[in-house]
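# Analysis of the macromolecular model
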Amino acid sequence: MEVRIQTTDDGSQTLFVPQMDEHYHSVKGALTESLHIFIRTGLNESKATEPRVLEVGFGTGLNAFLTLAEAEKGRTVHFTSLEKYPLPHDIIEKMEYTRFVDSSLVPYYKAIHQAPWNTWHQVTPHFHLRKMETDLTPLVIKEKYDVIYFDAFAPEKQPEMWTPEIIGKIYDCLTPNGIFVTYCAKGVIRRMLQSAGFTVERLPGPPGGKREILRGIK
Ligand SMILES: C[S@@+](CC[C@H](N)C(=O)[O-])C[C@H]1O[C@@H](n2cnc3c(N)ncnc32)[C@H](O)[C@@H]1O
C-alpha cells in the first residue's frame, strides 16, 4: 500500500493513502488530535492504577509514543496495539514526532518501532508495549482492558471495522467503567455504541479540528 507523508496544520506529520483517499490522522493537526482524543479524553480519564490500553490501529506509533510520554510522568501503562498492515521502516524513519517531546523521550520513538511484534516488551520503566500484527475483524479478544483507543480508518473507508459485531467485541473486553474513545462522531456510530451498552458522550473535538468526538463508558 503506497503512503505519502504530509504535514498537518499543527506542523506534525501524517500519512496519506492514495488508494483509499484517507489519512492516518486529522489534517488539521495529527499531534493535536492524538493528544486531545486519546491521551486527555481517554487515558487521563481512566481511574485504573496501571491502565491496560488497547489500541485499534498502531499505524505510525504516534498514539503509542504519546502514551509512553504520559506514562513516564509516573503512572505505568500496559499498551497493546493491533495492526494488520505494519508500515515499512523507511516511512517510520522519516516521521518527525520526536520534535514535539522532551529531549529525554526522543530515543523512545525508535524503541517503540524496534520492539518485537506479538510479545510484551518493556520500553521504559512505566511503559510496557505489545504490538500485535493481526486483523481485528476475526480476532477473539480474551484479555480485559481499561481504555480502548479506537483509531481505525473512517467508517466510509473501512466499514468492516465499524460493525455492531466489532463494537460488541470491544465492549466485552472492557472492564466495568472502561473507556472507549474515537475521533468519529457520526450518529450511526454513536447509536451503535449505545446499542452495545455504552453510555456515550459527545465531547468537543481537538482545537482547530473536528467539532465533536465520542467517548463511551462501560
Ligand atoms: C487511522 S490509522 C491509525 C493511526 C495510528 N493510531 C497512529 O497513531 O499513527 C488506522 C490503522 O488501522 C490499521 N488497520 C486497518 N485495518 C485493520 C484491521 N483489520 N485490523 C487491525 N488494524 C487495521 C491500518 O493499517 C492503520 O494503521
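Look up: the structure comes first, before these words.
What comes next is a walk through the structure. (Residues numbered from 1 in each chain as written. Predicted model: local features only at pLDDT ≥ 70, side-chain atom pairs only at ≥ 80, totals over all residues.)

Here the focus is the overall build of the protein chain. The helix and strand tally for the protein chain stands at 6 helices and 11 strands. Projected onto its principal axes, the C-alpha positions of the protein chain cover 45 × 40 × 35 Å. Within the protein chain, the proportion of its 218 residues that are buried is 40%. Counted over contacts in the protein chain with a minimum sequence separation of 6, partners at least 24 positions apart contribute 65%. (Helix = DSSP H or I, 4+ residues; strand = E, 2+ residues; numbered from the N terminus. Buried ≥ 20, exposed ≤ 12 C-beta atoms within 10 Å, placed from the backbone. Contact = placed C-beta atoms within 7 Å.)

In this section: unusual backbone geometry. In this structure, Asp21 takes a positive phi of about 55° despite not being glycine. By secondary structure assignment, the location of Asp21 is in the loop between β2 (13–17) and β3 (22–23). You can call Asp21 exposed: it has 9 C-beta atoms within 10 Å.

Further remarks concern the packing of helix α5 (residues 164–172) against helix α6 (residues 187–196). Interaxial distance between α5 and α6 falls to 9 Å at its minimum, and their mutual angle equals 50°. Relative to α6, α5 is oriented oblique. As for the relative orientation of α5 and α6, their crossing is right-handed in sense. Of the residues in α6, those touching α5 at Pro164, Ile167, Gly168 and Tyr171 are Met192, Leu193, Ser195 and Ala196. In the contact of α5 with α6, the residues fall into 6 nonpolar, 2 polar and no charged. (Axes fitted to C-alpha atoms, helices over the stretch in contact; angles between N-to-C directions. Parallel < 35°, antiparallel > 145°, perpendicular 65-115°, else oblique. Left-handed = near helix turned anticlockwise from the far one by under 90°. Nonpolar A, V, L, I, M, F, W, Y, C, P; charged D, E, K, R; others polar.)

Closest axis-to-axis distance for the helix α2 (residues 62–71)/helix α4 (residues 107–114) pair is 10 Å, and the angle between their directions is 125°. Judged by the angle between their axes, α2 and α4 are oblique. You can see that α2 and α4 cross each other, and the crossing is right-handed. Residues Ala64, Phe65 and Leu68 of α2 lie in contact with α4, whose contacting residues are Tyr108, Tyr109 and Ile112.

Around the ligand there are 16 residues in total, and Gly57, Gly59, Thr60, Leu62 and Lys84 lie nearest to it. Mapped onto the shell around the ligand, the elements with two or more residues apiece are α2 and β5 (77–83). Split into classes, the residues belonging to the shell around the ligand amount to 7 nonpolar, 5 polar and 4 charged. (Near = placed C-beta within 6 Å.)

We now examine the nonpolar core. Core analysis: the largest hydrophobic core is formed by 49 residues, its most contacted members being Val53, Phe65, Leu68, Ile112, Ile148 and Phe180. In terms of residue count, the dominant contributor to this core is α2 (7 residues). When sequence neighbours within four positions are dropped, the list of residues in contact with Val53 reads Leu43, Thr67, Val77, Phe79, Thr80, Tyr145, Val147 and Tyr149. (Core = buried A, V, L, I, M, F, W, Y, C linked by C-beta atoms within 7 Å.)

This part is about the sheet that holds β2. A sheet is described by the order of its strands in space; here 3 strands give the open sequence β1-β2-β3, paired in antiparallel fashion. Strands with a single pairing partner mark the edges of an open sheet, and in this sheet they are β1 (4–7) and β3. Relative to β3, β2 is paired through 2 bridges, and the arrangement is antiparallel. In the sheet register, Phe16 faces β3, and the bridge partner there is His23. (Pairing = 2+ DSSP bridges.)

Here the focus is α2. Extensive coverage of α2 is indicated by the burial of 10 of its 10 residues. For α2, the set of buried residues is Leu62, Asn63, Ala64, Phe65, Leu66, Thr67, Leu68, Ala69, Glu70 and Ala71.

Looking now at the pairing of β5. In terms of burial, β5 is a largely internal element, 5 of the 7 residues being buried. Bridge count for strand β4 (residues 52–56) against β5 is 5 bridges, and the pairing is parallel. Paired with Val53 across the bridge in β5 is Phe79. Handedness of the β4-α2-β5 crossover: right-handed. Across 7 bridges, the pairing between β5 and strand β7 (residues 127–133) is parallel. Within β7, the position partnered with His78 by the bridge is His128. (Right-handed = clockwise from strand over helix to strand, strands pointing away.)

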